[in-house]
Amino acid sequence: MVGFFYALECTHANLFYLCAMQQKDDILKEVISHAKEYGFVFPSSEIYDGLSATYDYGQLGSLLKNNIKEYWWKAMVQVHDNIVGIDAAIFMHPTTWKASGHVDAFNDPLIDNKDSKKRYRADVLIEEHIEKIRQKIEKEVAKGIKRFGDDFDEAQFRATNPNVLRNAKKIEEIEGRMKESLGNDDLEGVYNLIVDLEIACPISGSKNWTEVRQFNLMFSTELGSVAGDAAKIYLRPETAQGIFVNYLNVQKTGRMKIPFGIAQIGKAFRNEIVARQFIFRMREFEQMEMQFFVRPGEEMKWYDYWKEHRMQWHQKLGLGEANYRFHDHIKLAHYANAAADIEFNFPMGFKELEGIHSRTDFDLKQHEEYSGKKLQYFDPELNENYVPYVVETSIGLDRMFLAVLSTAYTHETLEDGSTRSVLSLPPALAPYKVAVMPLTKKDGLPEKAKEVLNKLQYDFSCQYDEKDSPGKRYRRQDAIGTPYCIMIDHQTMEDNTVTIRDRDTMEQERITIAELNAIIDQKVNMKYLLMD
Ligand code: GAP
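Draft legend 1. Spotlight on the sheet that holds strand 19 (residues 434–438). Ordered by their spatial adjacency, 5 strands build an open sheet running 20-19-21-22-23, and the pairing between neighbours is mixed. The strands lining the two open edges of the sheet, one partner per strand, are strand 20 (462–464) and strand 23 (508–512). Pairwise comparison of adjacent strand axes, ignoring direction, gives a mean angle of 25 degrees for this sheet. Inspection of the sheet shows strand 19 paired to strand 20 by 3 bridges, in the parallel sense. Counterpart to Ala435 in the pairing with strand 20 is Gln463.

Draft legend 2. Structural context of the nonpolar core. Counting residues in each nonpolar core, the largest one holds 64 residues, and the members touching the most others are Phe40, Leu64, Ile68, Trp72, Trp306 and Phe401. Each of domain 1 (2–102 + 217–405) and domain 3 (414–531) accounts for three or more of the residues forming this core. Not counting the four nearest positions on each side in its chain, Leu64 is found in contact with Phe40, Phe401, Val404, Leu405, Leu425, Leu429 and Pro431. With 25 residues, the next largest nonpolar core counts Ile126, Ile130, Phe152 and Ile199 among its residues.

Draft legend 3. Quick look at the packing of helix 6 (residues 122–148) against helix 8 (residues 162–183). Running from N to C, helix 6 and helix 8 cross one another at 165 degrees; their axes reach a closest spacing of 9 Å. One finds that helix 6 runs roughly antiparallel with respect to helix 8. Pair helix 6 / helix 8 crosses with left-handed handedness. Taking contact as the criterion, the partners of Asp123, Ile126, Glu127, His129, Ile130, Ile133, Arg134, Lys136, Ile137, Glu140 and Val141 in helix 6 are, on helix 8, Asn163, Val164, Asn167, Ala168, Lys170, Ile171, Ile174, Glu175, Met178 and Leu182. Taken together, the residues of the contact of helix 6 with helix 8 break down into 11 nonpolar, 3 polar and 7 charged.

Draft legend 4. View of helix 13 (residues 362–371). What helix 13 keeps buried is the set Phe362, Asp363, Leu364, Gln366, His367 and Glu368. Its buried side turned inward, helix 13 meets helix 4 (95–100), helix 10 (240–244), helix 11 (247–253) and strand 10 (284–294). Directly after helix 13, the chain includes Gly372, whose backbone phi takes a positive value near 75 degrees.

Draft legend 5. Inspection of helix 15 (residues 445–456) at higher detail. Between its first and last C-alpha atoms helix 15 spans 17 Å; for 12 residues at 1.5 Å apiece the expected length is 16 Å, and the two agree. Regarding helix 15, the residues found buried are Leu445, Pro446, Lys448, Ala449, Val452, Leu453 and Leu456. The arc that holds every buried residue of helix 15, seen down its axis, measures 160 degrees, which confines them to one face. When the buried face of helix 15 is taken as reference, the exposed residues oriented beyond 90 degrees from it are Glu447 and Glu451. On its buried face, helix 15 sits against strand 19, strand 20, strand 21 (484–488), helix 17 (490–495) and helix 18 (513–524).

The rules behind these values
Residues numbered from 1 in each chain as written. Predicted model: local features only at pLDDT ≥ 70, side-chain atom pairs only at ≥ 80, totals over all residues. Heavy atoms only, no water. Pairing = 2+ DSSP bridges. Helix = DSSP H or I, 4+ residues; strand = E, 2+ residues; numbered from the N terminus. Axes fitted to C-alpha atoms, helices over the stretch in contact; angles between N-to-C directions. Core = buried A, V, L, I, M, F, W, Y, C linked by side-chain atoms within 4.5 Å. Buried < 20%, exposed > 50% of the residue type's maximum accessible area, 1.4 Å probe, protein only. Domains from an automatic or database assignment. Contact = heavy atoms within 4.5 Å. Parallel < 35°, antiparallel > 145°, perpendicular 65-115°, else oblique. Left-handed = near helix turned anticlockwise from the far one by under 90°. Nonpolar A, V, L, I, M, F, W, Y, C, P; charged D, E, K, R; others polar. Expected span 1.5 Å × (residues − 1). Arc of directions from axis to C-beta.

This is how it looks when you write it as structure tokens:
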């Protein structure tokens, strides 16, 4: 609805851009409120007013999340005979994080406003300033559209209008200064940029800033009863290191031959300075990571393979091919020789969903050095020992959840003028596959419906619903994404047939109870998605 009114006013590409930004904000808000209303995601410890950037998955959210995990695990581990899975501890020996570089380099530049006492990521403050300038450009273009209508030549306007050009140059200069300062670890340069741009605190409005400092994103705590630095341990900021330190254990006990992979799903923790956009950036989140160990020199072949393979995994879900794109990194981390993100078109725009990184032998070599243990592989074909190279695929489970939920959510107007909220989730991921309903609460229909439920619930996750009118019950199931509703009516009592209603088309078909399990299985079983 909201989208419709904005769309009415959007008559040209740039007006459309401004409207689309507003629309996207509204869609995210609608998704957040829908997620809460139907038991998908709640703010954590809400009775105490919540804890920022921390969320709990409710009764439906945890089912959806588990199904996403299952889809990933089966695609990565079950159908690859050279990939195995582990479940490493969140706490690890503190030297792990020294070796991996996280103690020294897993930092964000932060700055405090002395008046509001609010803390900001310095680079985000600058990016927000740039975004304001960008909006000025779009407003200028929008004015041109209004003035010249269909005769407006947007490309020429952008290339010649003095205001647009001045602002574009400003952006270029700011971005250049920011990149240079951050790249050289020049925190004073970042501070000077904030001062030169006269950036004010959004809360206090003052420009009274502290210096810029590096802020390590790892959460730390103390082990046992001993206090002090010796007992300091960290909550893992990525699951990957649990795989690296177990490389030899798994290779030897699993008799794994290169190339092989180790996969893991688990929690990771980052003390993000700016955590926002719902479950997109959290302080406690879950990752699904796989490290693929390969012969040195063959990493680019596998990097290309996994880029392609991971994109296919996403596309099979049917969320829309145009919603994905690759973003190849130009500036690489010191340990990588290639890296790309799979970006998804979230309600906030295209953002990173998954990373594919060719990490060379950096991590294993670092752990060799810090632990003094050899982490090598004897390659019988080459008759030589080497430290394997690693290609990593790393996806945030919560981001995947948001991608699925936000794309599935629609609020639509039906032919009769009524409206419905529907989650068109991929059936294999839907929390419930089937809802079983008796038409009325009498004439033995509930008993028959329970019989049908019993026949289905060992194969599928099912809901039973007998309250309210059939129309209301269908709407409830649409809103939680149940792909099929089975209605038990008076005809069922005569000929053992039921109606099956499709969530997306809302069409109903009559089928026999005997064929129910097989028909539903064809439509919802994850196996068909994986085999496709
Ligand atoms: N082991 C590599 C690694 O951790 P990363 O790009 O820092 O790489 C991988 O993280 C993925 O984890 C990201 O693509 C994203 O989906 C997810 N992720 C990272 N930080 C997150 C956060 N604060 N909240 C939610 N998901 C996050």
